[in-house]
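# Breakdown of the fold
Listed below, chain by chain, are the residues.
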Amino acid sequence: MEEGNFMRITNAKVKVCKVQVLGLNRTKNDIVTEQVKDVLKSENLLELVANSLESVDRLKSLNAFKEVNLEFGACRNKMGKIDGTAVTFRVKENGLIASSISANAGTQSGDANLSFSLRNIFGRAEQLKVVSTTAFPQWGQTIQLELTKPYYKDITRQFCAGLGTTNFKQPPCGYQENIYEQKVQMQCFSRLGHHTFGWFCDWRELFGFDNGVPMSIRKDAGHSLKSSLKHVLVTDNRDDPLLPSEGYLTKLTHEVAGLGGDICFSKAEVQTQMFKEIFPEWVLGLSFWGGLLKPFSPSKINDRFLLGGSTTLRGFEMWGVGPHRHGYSYGGEAYWATGLHLFLPLPFTSGEFFRRIRFHGFLTAGNLNELCSLSSFLNLLKETRLSGGFGMHCRLGIAQIELNYAIPLRAQSHDRLKPGLQFGIGLDML
Amino acid sequence: MASFGVGSEEIRSKMTLYVFTGNEYSASVDPESLQILTYLRLTLQKEEENEEIEIKYTCKHWESPTGVFPTLVSDGLYYTGVDSIIKELKKQGLDLDADCSDEELAEISAYSAFLSDRLKKALLYLHWVEAKNYTEVTRGWLSGATVFPFTLYILSRQHRLAKQVIMTSSSGNTSNNTSTIEQCGIELLSQAEEAISLLAGRLGDQKYFYGSSLSSFDVLVFGYLDLIAQYELPGNNQLGTRLKSLVQLTNFCSDIREKAYPEIKSRHVSTSSSMSPSSPLRKDPTFWIFVGVAGILLIAQGMRVGLTRKLLK
Amino acid sequence: MASSAKPSSVANSGASVGGKSIAANLLDVAIGRFQWPQGALLYFLPPERELLPDRAIRLSFQAYLKFSGLAYEDVCALNADYMSPSGQSPFLVLQFGTRPIIFSNFFQLVSFIEAQKLGLGQDLDKKEKSEHEAYISLIKMSLLSAMEYDAWISKASRQETLSSYSHGLPWPLKHLVPYSQYYKYRWNHWGLYKRDEASVLSEFNDACNALSVHLGGSRSFYQSGPTALDALMCGCVEAILNSSSQKLKSILSSYDNLVDFCHSSVLSQRKGLQFISSPSTANLSSNQ
């Protein structure tokens, strides 16, 4: 009986005769209309509620409103008779200016983040953002200016243009680099996942080599211009982006450089992660990374792949795997790396915060090599590096922090090892 | 002192000299200003000094027409740099090197470059960059010469300029921060130490660099060494101890000091010298302008927040 | 200028590391034994990229190494200035075992080599030694800074300097890099930038005069043979005489003995003649 009542109510015919959004000030009508127009199409109560709630989400994702409240009311015609339902969205707009400061700190590295953004500048969910990041001790500084704008009034499709300057030190390779970058990119969704197409133009300057850096690395010094087209496809069907227990994430990157500029190469990279809950809250994670670089002119050290360190192959120094020249990482044109993690929850704790901190045990393996012949390709498999260990894993926002005890199990003589405690922080971790 | 007679016969135009302030232990704490002052003392007779040349002691760079010290104004022309000032003084008849041969004059100009290459930067580092010396000694020099807001401004400006000079002159890749200012300082100090030893070798057992008569060579060397000898720096005192171990050079310094500045006590100053309490505060018009501007700003701010209106009610 | 120097084994006559701290900082040479390594390389910019002061220092490097009979090879690289630790061309790479030691500063190289007793200034007495250093400082402070002023700041050759930086760069960088280099230079050398040309030139003239007087009519500054000062002077004079800078050239060419000195020492370098000054360098150059 109850069930029947419920069905009857949800299936009840509804006529939406009015949708209004109150509280708009700077935001233009057309973009808001686009987000809420589906509500008008609702035919029964269930659809009305679902569509309204989706519209609330879409309005919120414009990043233009602090609050979105939903109200249903009766709609009367001129005679004063109830004619249909009126849906009212009461919104409060965000202020134009937003700023934030954040900092991450660790034993080896840390960074401070200062961001300043202008939201919804022209009333159509455009955003202008300036981010300044300082990493210390003396490792680098980044300033970026980015303008994003949704196109076709659809929030999932975004157009983005940016300018930025980065200068950082790369002590494992003994150089400093200044980068001035420009980018224009489009983002959209397809059945495969989230696509980003873009043109990237980087003016790079390599300089400030340490006194001991050998000539084979030094020869790449000076200015170069990389102008490239890049496509990134991210497919994500994990159940939780922060603490996944099921599903997989794949990131495919293709980059072709050589549209103007003096750098010509083609680069492909894959990063994939899989998660499986084997016992309640015991999560097994498997990840695989691989990359291939095909240079059409002699490749430069800042284009080649580097491997090793607390975010990739644990138990090695930063970029400590693969070809070296006199103790400085030289980088390679092909690499692969895989990691197997078992995440366990902290015992005797509860609450949202402690859920983010987990024990983990891991095994990582991989190799990096130059590609000069077929044998060097085979060496990629033959000379596999292996390391294992355990530690704590913590998820803070999009960043991951790890404190591990790691031991390299297999290595080559020229690799730089770092057995023992290792601290790592990063966005993507193997 | 051979040139006394020569100078007094000519008719000279009135000259003005802007030098960095000194204290009771040295006529100026800037080595180049000290060189010029010493040069004048040794060429001019005491009573002549005020008639021939007007000397302005100041530490405010905006009071010097070129913004640097020392600056000589003669016939409406500005001369900066020790070499060109001495050249101009020689033209005006104040010649200390009248007896020198061409070869000796060439040597003097070489040593002048040598001193400013090796010792000037090292002293800039010791006085204006090295943290302990900077806070304990250099600050004291200025606090007697000017008042609070200017002290801070001049100190930080000099500090910045000194850092820039040191960084650009060092051999490391300093424009890209691969070597720090301390590393540059260590390099400069070891070069300066070597230079002092070389000077001692050059002087040998002689009284002055050219035997028994004074030349501008002696004045140039004195300008640097006296500043090193007079102040015992609390931080890095590497050059001071090196100089102390070279008896001949120390005697040379004190001999010239007695000759040129009989009124100045020869004593080591350990920390910030106790300055004469005669505060120049009230005499300084710029101070009152500063106070006025600050007051106006304060009142304007008060009016903006409506404080004055409330008070008037 | 192609070098005719071949790698040669260098005999060591009981040289010891001197008390020079610069040398000690640079290199942990086993005390008591220092050998000039084989395959020393001198990197410098190609002529179209080389500025006047860089060329002067490069020629001085070459002259000094040849006078001392130390073997090296020339390497011309378009990005030599970025490869150098000091950001300036030229630089000398000595390969000791696996680690290279790099000298990007002429004065540092000289003091290092003199400390190893391989150099040319071994026969100078105390007075001459300090005089030698003084004249080197004079060249550094007056001649080299006049050349820098001429290359970067004087209006006549600024355009040439800027265009030299555009060599070998892709399109937009061709126009951006020269200006970024120019403003960087200006920022770092504000003191020099603020000076007026007349005072720089008169200082240059005074320095030339002093050097000319010091040299007199002889073929080297000191009786015992060529020294680092001769090498530096020769490099500077040769660079200025072959440069496009009319002002410096006209001042310098009025000092005949400096010009003659430069020609004769360039000739002696070409012929591969060694000025053998001391027994320690005599066996160094024996197999050249």
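Remember, it's a predicted structure, so these values are computed and weren't measured experimentally. One numbering rule holds for all chains: residues counted from 1, following each sequence as written. Written order decides the labels, with chains lettered from A and ligands numbered from 1. Under the rules for a predicted model, residues below a pLDDT of 70 receive no local features and side-chain atom pairs below 80 are neither given nor counted, while totals for whole chains, interfaces and linings still include all residues.

## Focus on the overall build of chain B
Of the regular secondary structure elements, chain B holds 13 helices and 4 strands. Expressed as a percentage of its 313 residues, the buried residues of chain B come to 40%. Throughout, a pair of residues is in contact if the C-beta atoms placed from their backbones lie within 7 Å. The long-range share in chain B, meaning contacts at least 24 apart out of those at least 6 apart in sequence, stands at 71%. Working definition: helices are DSSP H or I runs of at least four residues, strands are E runs of at least two. Numbering for both runs from the N terminus. Buried, partly exposed and exposed are defined by the number of other C-beta atoms within 10 Å of a residue's own C-beta, namely 20 or more, between the two limits, and 12 or fewer respectively, with C-beta atoms placed from the backbone.

## Examining the overall build of chain C
From N to C terminus, chain C includes 13 helices and 4 strands. Buried positions account for 49% of the 288 residues belonging to chain C. Within chain C, counting contacts between residues at least 6 apart in sequence, those at least 24 apart form 73% of the total.

## Quick notes on the sheet that holds strand β2 (residues 65-76) of chain A
Residues and elements named next belong to chain A. Any two strands are treated as partners once DSSP identifies two or more bridges connecting them. As summarised here, the arrangement of the 3 strands in space is β1-β3-β2, forming an open sheet in which the pairing is mixed. Looking at strand neighbours, the two that pair on one side only are β1 (16-22) and β2, the edges of this open sheet. Averaged over all pairs of adjacent strands, the angle between strand axes in this sheet comes to 15°, irrespective of strand direction. Bridge analysis of β1 against strand β3 (residues 82-93) gives 6 bridges, and the strand direction is parallel. What sits directly across from L22, in β3, is R90. Most of the contacts of helix α3 (residues 45-61) go to β2, to which it runs at about 150°, and overall it touches β1, β2 and β3. All axes here are fitted lines through C-alpha atoms, helices being fitted over the stretch that makes contact, and every angle between N-to-C directions spans 0 to 180 degrees.

## Concerning the packing of helix α2 (residues 52-68) of chain C against helix α10 (residues 228-241) of chain C
All names here are of chain C. Running from N to C, α2 and α10 point in directions that differ by 140°, and their axes come no closer than 7 Å. On the basis of the axis angle, α2 is oblique to α10. As for the relative orientation of α2 and α10, their crossing is right-handed in sense. From α2, L52, R55, A56, I57, L59, S60, A63, Y64 and F67 reach across to α10, where they touch A228, D230, A231, L232, C234, G235, C236, E238 and A239. Across the contact of α2 with α10, the residue classes tally to 13 nonpolar, 2 polar and 3 charged. An angle counts as roughly parallel when it lies under 35 degrees, as roughly antiparallel when it exceeds 145, as roughly perpendicular when it falls between 65 and 115, and as oblique in every other case. Should the near helix be turned counterclockwise from the far one by less than a right angle, the crossing is left-handed, whereas a clockwise turn marks it as right-handed. Any residue outside Ala, Val, Leu, Ile, Met, Phe, Trp, Tyr, Cys, Pro, Asp, Glu, Lys and Arg is labelled polar, Gly included; the first ten of those are nonpolar and the last four are charged.

## A short note on the sheet that holds strand β1 (residues 15-20) of chain B
Residue and element names in this part refer to chain B. The 4 strands are arranged β2-β1-β3-β4 in an open sheet whose pairing can be described as mixed. Pairing within the sheet leaves two strands with one partner each, and these edge strands are β2 (53-58) and β4 (77-80). Taking each pair of neighbouring strands and ignoring which way they run, the sheet shows an average axis angle of 20°. Across the sheet, helix α2 (residues 31-43) touches β1 and β2, and the angle it forms with β1 is around 135°. Against the sheet, helix α4 (residues 82-91) touches β3 (71-74) and β4, its axis set at about 130° to β4.

## Digging into the nonpolar core
L92(C) and L138(C) are the most contacted members of the largest nonpolar core, which totals 188 residues. At 15 residues, the largest contribution of residues to this core is made by helix α5 (residues 102-129) of chain B. Filtering out sequence-adjacent residues up to four positions away, L138(C) remains in contact with S109(B), A110(B), A113(B), F114(B), A207(C) and A210(C). Among buried residues, those of type Ala, Val, Leu, Ile, Met, Phe, Trp, Tyr and Cys that are joined through C-beta atoms within 7 Å form a set called a nonpolar core. Counting 16 residues, the second largest nonpolar core, distinct from the first, contains V21(A), V39(A), A64(A) and F65(A).

## Looking at the interface of chain C and chain B
Taken together, the contacts link 31 residues of chain C with 26 residues of chain B. Among the elements that take part in the side of chain C that touches chain B, helix α5 (residues 126-153) of chain C stands out by supplying 13 residues, more than any other. Broken down by class, the residue content of the side of chain C that touches chain B amounts to 10 nonpolar, 13 polar and 8 charged.

## Remarks on the domain arrangement of chain C
Residue and element names in this part refer to chain C. Domains are outlined according to an automatic or database domain assignment. According to the domain assignment, chain C contains domain 1 (21-121 + 274-282) and domain 2 (126-270). If you average the C-alpha positions of domain 1 and of domain 2, the two centres end up 19 Å apart. For the side of domain 1 that touches domain 2, the leading source of residues is α2, giving 11 residues. Broken down by class, the residue content of the side of domain 1 that touches domain 2 amounts to 14 nonpolar, 4 polar and 4 charged.

## Overview of helix α2 (residues 29-36) of chain A
Residue and element names in this part refer to chain A. Of the positions making up α2, those classed as buried are I31, V32, Q35 and V36. For α2, the angular spread of buried residues about the axis comes to 125°, placing them on one side. Opposite the buried face of α2, at more than 90 degrees from it, the exposed residues are N29, D30 and T33. In this structure, the buried side of α2 is in contact with β1, α3 and β3. What the arc covers is the set of directions going from the helix axis to the C-beta atoms.

## Examining the environment of R356(A)
Residue and element names in this part refer to chain A. Within the secondary structure, R356 sits in the loop between α5 (352-355) and β18 (357-369). Exposure remark for R356: the 17 C-beta atoms within 10 Å place this residue in the partly exposed category. R356 sits 11 residues away from P345 along the chain, and the two C-alpha atoms are 8.6 Å apart. When residues no more than four places from it in sequence are discounted, the contact partners of R356 are L243, C394 and R395.

## Quick word on α4(B)
All names here are of chain B. Considered for burial, the residues of α4 that qualify are V82, D83, I85, I86 and L89. One face of α4 carries all of its buried residues, which in axial projection span an arc of 165°. Those residues of α4 hidden inside the fold are in contact with α2, β3, β4, α5 and α9 (216-230). Residue G93 follows α4 closely and has a positive phi angle near 100°.

## Some points on the pairing of strand β2 (residues 73-76) of chain C
In regular strands, side chains alternate between the two faces of the sheet. All names here are of chain C. Here 4 bridges tie strand β1 (residues 41-44) to β2, and the two strands are oriented parallel to one another. Pairing of F44 across the sheet is with C76, part of β2. Seen with its strands pointing away from the viewer, a crossover is right-handed if its path from the first strand over the helix to the second goes clockwise. Where the polypeptide runs from β1 across α2 and back to β2, its parallel neighbour, the crossover connection is right-handed.

## What to know about the packing of helix α9 (residues 197-215) of chain C against helix α12 (residues 256-270) of chain C
Residues and elements named next belong to chain C. For the pair α9 and α12, interaxial distance at closest approach is 9 Å and the crossing angle is 70°. It follows from the interaxial angle that α9 and α12 lie roughly perpendicular. Crossing of α9 over α12 shows left-handed handedness. On α12, the residues touching C208, L211, S212 and L215 of α9 are N257, L258 and F261.

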